[in-house]
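The lines below spell out each chain.
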Amino acid sequence: ALKVAEEKLKLPSHVSRFVLTIGSTANQNGTALFEGVTVLFLAQFYGVELGFARQLVVVGICVLGGIGTAGVPAGSLPVVAMILGIVGVPPEGIGIILGVDRFLDMCRTTLNVSGDLAAAVVISRGER
């Protein structure tokens, strides 16, 4: 991401290094989306009704999870299991996701890196 930001996007190094460093840990958009969609999918799969209030709880925890989840493969699965337990969905449902998680993990990473680069571009343009 640093190489692309500095060589392809021609962003100043002080901006790209700062934004991408923070973004790699605190701006994981793909991870937050994955957690929310997975919880909603498994709730539907198990027939658990999630009212509006519980859906807001899921969204809030997913946003916080996107900030604090480790940037390692399958690092968001423990967070998903925790959210499932909170909203009353059987956490063992995570096993259904494990078969496709490697592919979904690559998609999450792509979205996370693209979001970090987009944030770096916006901040860089605002400095001029």
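Colleague: So what about the overall build of the protein chain? Which residues, and what values?
Modeller: Looking only at helices and strands, the protein chain features 7 helices and 0 strands. In sequence order, the secondary structure elements of the protein chain are arranged as α-α-α-α-α-α-α. C-alpha extents for the protein chain along the principal axes are approximately 50 × 30 × 15 Å. Residues classed as buried in the protein chain amount to 36% of the 128 residues present. Counting only contacts in the protein chain whose residues sit at least 6 apart along the sequence, the fraction spanning at least 24 positions is 77%. On the protein chain, roughly 7,300 Å² of surface is accessible, and the fraction owed to carbon and sulfur atoms is 69%. One way to put it: in the protein chain the 9 positive side-chain charges average out to a point 11 Å from where the 9 negative ones average out.

Colleague: Tell me about the packing of aromatic side chains, residues and numbers included.
Modeller: Inspection of the entire model under this criterion finds 2 aromatic pairs. A ring pair is formed by Phe-45 and Tyr-46, whose centres lie 5.3 Å apart and whose planes are at 90 degrees; its orientation type is edge-to-face. Taken together, the ring pairs connect Phe-41, Phe-45 and Tyr-46 into an aromatic cluster.

Colleague: Let's hear about the nonpolar core: which residues, and what values?
Modeller: One finds Val-39, Val-58, Val-80, Ile-83, Leu-84, Val-87 and Val-89 to be the most contacted residues of the largest nonpolar core, which totals 17 residues. Of all elements in the fold, only helix 3 (29–46), helix 4 (52–68), helix 5 (77–87) and helix 6 (94–98) reach the threshold of two or more residues within this core. The leading source of residues in this core is helix 5, at 6 residues. Counting 7 residues, the second-largest nonpolar core is a separate cluster that includes Leu-11, Val-15, Val-19 and Leu-20.

Colleague: Explain the pattern of salt bridges to me, and be specific about the residues and the numbers.
Modeller: Using the criterion set out here, one finds 3 salt bridges in the structure. Arg-108 is the salt-bridge partner of Asp-101, the closest N and O atoms lying 3.3 Å from each other. One exposure class covers both Asp-101 and Arg-108, and it is buried. Note that Arg-108 and Asp-105 form a salt bridge whose closest N and O atoms lie 2.8 Å from each other. Within this pair, Arg-108 and its partner Asp-105 are both found in helix 7 (residues 101–127), separated by 3 residues, close to a single helical turn.

Colleague: Explain helix 3 residue by residue, including any values.
Modeller: Compared with an ideal rise of 1.5 Å per residue, which puts 18 residues at 26 Å, helix 3 spans 26 Å between its outermost C-alpha atoms and is within 8% of the ideal. Buried within helix 3 are the following residues: Gly-30, Thr-31, Ala-32, Phe-34, Glu-35, Gly-36, Thr-38, Val-39, Leu-42 and Ala-43. Looking at the buried residues of helix 3, the elements they touch are helix 4, helix 5, helix 6 and helix 7. Just beyond helix 3, the residue with positive phi is Gly-47, at close to 75 degrees.

Colleague: Can you explain unusual backbone geometry? Please cite residues and give values.
Modeller: Phi is positive for Lys-10, close to 55 degrees, though the residue is something other than glycine. We classify Lys-10 as exposed; its relative accessible area is 59%. In this structure, Ala-74 takes a positive phi of about 65 degrees despite not being glycine. Using a relative accessible area of 23% as the deciding quantity, one classes Ala-74 as partly exposed.

Quick notes on the rules
- Going along each chain's sequence as written, the residues are numbered from 1 onward.
- The predicted nature of this model means local features are confined to residues of pLDDT at least 70 and side-chain atom pairs, given and counted, to a pLDDT of 80 or more, with totals for whole chains, interfaces and linings taken over all residues.
- Excluded from the side-chain calculation are hydrogens and water; included are all heavy atoms of the structure.
- Helix and strand definitions here come from DSSP, where helices need a minimum of 4 consecutive H or I residues and strands a minimum of 2 consecutive E residues; each element is numbered from the N-terminal end.
- Any residue under 20% of the maximum accessible area for its type is buried, any over 50% is exposed, and the rest in between are partly exposed; the area is computed with a 1.4 Å probe on protein chains only.
- Any two residues whose heavy atoms approach within 4.5 Å are treated as being in contact.
- Every accessible area reported is derived by Shrake-Rupley at a probe size of 1.4 Å, with residue values counting cover from the shown protein chains alone.
- Positive charges come from Lys and Arg, negative ones from Asp and Glu, while His and the chain ends are left out of the count.
- To locate a charge, the coordinates of NZ of Lys, CZ of Arg, CG of Asp or CD of Glu are taken.
- Stacked, edge-to-face and tilted labels apply to pairs of Phe, Tyr and Trp rings (six-membered ring for Trp) whose centres lie within 6.5 Å, assigned for plane angles under 30 degrees, over 60, and everything in between, in that order.
- Here, nonpolar core means buried Ala, Val, Leu, Ile, Met, Phe, Trp, Tyr and Cys residues that are tied together by side-chain atoms lying within 4.5 Å of each other.
- By convention in these notes, a salt bridge is any Lys or Arg side-chain nitrogen within 4 Å of a carboxyl oxygen on Asp or Glu.
- How far a helix is expected to stretch is found by multiplying one less than its residue total by 1.5 Å.

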